[in-house]
Amino acid sequence: MNKANLLLFAVLLCTPAAFAAVAEKAPVSKPNIVLILIDDMGYGDIEPFGSTKCQTPALDRMASEGMKLTSFYAAPVCSASRAQIMTGCYAPRVSIPGVLPTDSPVGLNPAEHTVAELLKAQGYATICIGKWHLGDQPDFFPLRYGFDHYFGLPYSNDMLRPEADSGKRVVPLMRDNKVIELLSEDDEDRLTRLYTEEAVKFIQDNRNHSFFLYLPHTAVHFPIHPGPEFRGKSGNGRYYDWVEEMDWSTGRVLDTLSELHLATNTLVIFTSDNGPWLVHKSDAGTAGPLRGGKGSTWEGGLRESTLAWWPGHVPAGTVRDTVAGTIDLLPTFVAQAGGTVPTDRAIDGADISKLLLGQTTDPGRGAHYYYLDYQLQAVRSGSWKLALRPQKFSAGMNGGGVNTPGLRLYNLDTDIGETTDVAAQHPEVVKELKALADNMAATLCDGSNKGPGVRPPGRVENPQYLYPVQAGWKLHPAKVLGKNEKPADEGE
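Residues numbered from 1 in each chain as written. Predicted model: local features only at pLDDT ≥ 70, side-chain atom pairs only at ≥ 80, totals over all residues. Heavy atoms only, no water.

(A) Just the overall build of the protein, in detail. Helix and strand counts for the protein come out as 11 helices and 20 strands. Taken across its 492 residues, the protein has 58% of its residues classed as buried. Within the protein, contacts between residues separated by at least 24 positions form 69% of all contacts whose residues are at least 6 apart in sequence. Counting only carbon and sulfur atoms, one obtains 54% of the accessible surface of the protein, whose full area is about 19,500 Å². (Helix = DSSP H or I, 4+ residues; strand = E, 2+ residues; numbered from the N terminus. Buried < 20%, exposed > 50% of the residue type's maximum accessible area, 1.4 Å probe, protein only. Contact = heavy atoms within 4.5 Å. Areas by Shrake-Rupley, 256 points an atom, 1.4 Å probe, with all protein chains shown as cover.)

(B) Fine view of the nonpolar core. One finds F212, L213, F270 and F333 to be the most contacted residues of the largest nonpolar core, which totals 102 residues. Element by element, the count of residues in this core is highest for helix α7 (residues 238-259), at eight residues. Not counting residues up to four positions away in its chain, the partners in contact with L213 are I33, V34, L35, I127, I129, A199, F202 and I203. Grouped together as the second largest cluster of nonpolar side chains are 23 residues, I327, Y371, V422 and V430 included. (Core = buried A, V, L, I, M, F, W, Y, C linked by side-chain atoms within 4.5 Å.)

(C) How the structure looks around the pattern of salt bridges. Taken as a whole and assessed by the stated rule, the structure comprises 26 salt bridges. Between K201 and D205 there is a salt bridge, with the nearest N and O atoms lying 2.8 Å from each other. Taken as a pair, K201 and D205 lie in helix α6 (residues 191-205) at a separation of four residues, close to a single helical turn. Here E299 ties to R303 by a salt bridge, and the two come within 2.9 Å at their closest N and O atoms. Neither residue differs from the other here; E299 and R303 are each classed as buried. Among the charged side chains, a salt-bridge network with shared partners connects E299, R303, D321, K385 and E418. (Salt bridge = Lys/Arg side-chain N within 4 Å of Asp/Glu carboxyl O.)

(D) The arrangement of α6 in detail. Spanning 15 residues, α6 covers 21 Å between terminal C-alpha atoms, matching the ideal 21 Å at 1.5 Å per step. When we look at burial in α6, the residues that qualify are L191, T192, L194, Y195, T196, E198, A199, V200, F202 and I203. The elements touched by buried residues of α6 are β4 (125-129), β5 (149-152), β7 (169-175), β8 (178-184), β9 (211-216) and α7. (Expected span 1.5 Å × (residues − 1).)

(E) Spatial organisation of unusual backbone geometry. For the bond running from A219 to V220, omega is 5 degrees, close enough to zero to count as cis. Here V220 lies in the loop between β9 and α7. Along the chain, F222 connects to P223 via a cis peptide bond; the corresponding omega equals 5 degrees. A positive phi is found at K281, a non-glycine position, where the angle reads about 50 degrees. Checked against the element boundaries, K281 lands in the loop between β10 (266-272) and α8 (299-302). Assessed through its relative accessible area of 52%, K281 is described here as exposed.

(F) Quick look at the packing of aromatic side chains. Per the stated rule, a full pass over the model turns up 14 aromatic pairs. Between Y43 and F49, the aromatic rings sit 5.1 Å apart at their centres with planes inclined by 75 degrees, giving edge-to-face as the arrangement. The residues Y43 and F49 share a single accessibility class, namely buried. Ring geometry for F147 versus Y214: centroids 6.1 Å apart, planes at 20 degrees, classification stacked. Pair noted here: F147 is in the loop between β4 and β5 and Y214 is in strand β9, with a separation of 67 residues, a long-range link. Among the aromatic residues, those joined into a cluster by ring pairs are W132, Y145, F147, F212, Y214 and F333. For R291, the ring lying beneath its charged end belongs to W298, and the centroid distance is 4.1 Å. Between K294 and the ring centre of W277, over which it is positioned, the NZ or CZ distance is 4.0 Å. (Phe/Tyr/Trp six-rings, centres within 6.5 Å; stacked < 30°, edge-to-face > 60°. Lys NZ or Arg CZ within 6 Å of the ring centre and 35° of its normal.)

(G) Structural detail: the side chain of N411. Residue placement: N411 occurs in strand β17 (residues 408-411). There is a polar contact of 3.0 Å between the side chain of N411 and the backbone nitrogen of D413. Contacts of N411, omitting those with residues within four sequence positions, involve S383, W384 and I416. (Polar contact = N/O pair within 3.5 Å; in protein donor to acceptor, adjacent residues only side chain to side chain.)

(H) Fine view of the environment of S95. Inspection of the secondary structure puts S95 in the loop between α4 (78-87) and β3 (106-107). Spatially, the C-alpha atom of S95 lies 8.7 Å from that of A80, the residues being 15 residues apart in sequence. Residues contacting S95, with those up to four places away along its chain left out, are Y374, V454, R455, P456 and P457. Within the structure, the side chain of S95 is placed 2.5 Å from the backbone oxygen of R455, a separation counted as a polar contact.

(I) Structural view of helix α3 (residues 57-65). For α3, every residue scored as buried is listed here: A58, L59, M62 and A63. All buried residues of α3 lie within an arc of 140 degrees about the axis, which places them on one face of the element. Its buried side turned inward, α3 meets β2 (67-73), α7, β10 and β11 (303-309). (Arc of directions from axis to C-beta.)

(J) Representation of the sheet that holds strand β15 (residues 375-381) within the structure. Strand order in this open sheet of four strands is β14-β15-β16-β17, and the pairing throughout is antiparallel. Of all the strands in the sheet, just β14 (368-372) and β17 have a single pairing partner and so form its edges. Going from strand to strand, the sheet's axes swing by 20 degrees on average, the running direction of each strand aside. Sitting on the sheet, helix α11 (residues 427-443) touches β14, β15, β16 (384-387) and β17, and the angle it makes with β15 is about 135 degrees. (Pairing = 2+ DSSP bridges. Axes fitted to C-alpha atoms, helices over the stretch in contact; angles between N-to-C directions.)

(K) Region of interest: the packing of α3 against α7. The interhelical angle for the contact between α3 and α7, taken along N-to-C directions, is 55 degrees, at an axis separation of 7 Å. What the angle tells us is that α3 and α7 run oblique. Seen from α3, the contacting residues are P57, A58, L59, R61 and M62; seen from α7, they are M246, D247, T250, G251, L254, D255 and S258. Partitioned by chemical class, the residues of the contact of α3 with α7 number six nonpolar, three polar and three charged. (Parallel < 35°, antiparallel > 145°, perpendicular 65-115°, else oblique. Nonpolar A, V, L, I, M, F, W, Y, C, P; charged D, E, K, R; others polar.)

(L) Seen up close, the side chain of T114. If you trace the backbone, T114 turns up in the loop between β3 and α5 (115-120). T114 gets classed as buried once you look at its relative accessible area, which sits at 0%. A polar side-chain atom of T114 sits 2.5 Å from the main-chain carbonyl oxygen of Y145.

In structure tokens:
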């Protein structure tokens, strides 16, 4: 090509039409992914899911501009739920079925493939900001699982240790692998703002780079600590004050994405780790129309109010009752990043990209299994849920539960509150779901009977405290029911 033709070609490239043609052929960058996880929030605690006790404009925005997922499942308690997010597996499969205590020799096995590790392999910048709770020993810190950075508390805000002299209780705030500050319980009202500022900074710093932001809030786990700007704001107690602050935090994330012109290239998921901790009464939320709460396999224990937002991709103003859950996030995020999930070990989740993008209403999985610890307590397929045994609550959660033996069948489409057992009227459904449950129990586990599908946790010898311990310090356990306290009424 001679110089004249080169000059003409260059001029043509500078025209608007030429730029448009080039833009159409330019590859679409991998979407950013933001996962906002609230702690102990009830199904009925935000306006898009019926709350009248607080105002949640940011979440209303997510619902109007995105999708409500009304049959989205986590796990009954916090460590188990976080294990499911990280691995795409039911928590018993990776041997993190309950709540990990502080200074535990056990944590999530570093050999597991995690969502952060798999996204990092696709070139993503990764960060975890907030509550980790998958092990507080160096072998189990977030940076061991694919996160570039970490900022937050290694476990729940009620797992505090009192100082010997002052009597105040403290919890360690970490950055990456180091404790940078010991927060007293009085300082916890800073946490939501600290997390939010860190999240905004991460987005700003990675505006030109695909990123994964995992934001597992300390809110709204007991003890309740809304920031000073939000105390009394809801008019319905400090719990809902903290829900409003959590909504503010979500709004800051959405606004930052919009201001940086990243909204149309960012998938945001908002959900909770389990249902409300009902024993704390006014310091707890509500499961709305659902029965039960944290620590149970009633719907209120692990069915979460969930929102998906991705302008231009997730259809605005849609509602889906398709069964999905936290175990589906890993395969979905990896697929959107252009990667593949390793096949060297089983996972339980499915890619629900087509559901989120409005291309199907079909479930990615044939059934969903309700585990409490290592015990399989129920199974759901379509609208039908079969309870396999008495659905008692975990110790210290709600103090009781149903002791009724035998199989119980509920139609969740017509009886979302699980009030009427219709097993006698639908023996064929009972038989079908019982067969599914028996197969899962044999493959994975049911109580002490662990099948070939269970993989070992991580384990260390001689676990150590995260920070120096003085004489007289001791673990301050989570509040549990006292002998004279009565649990919330859960019915028969």
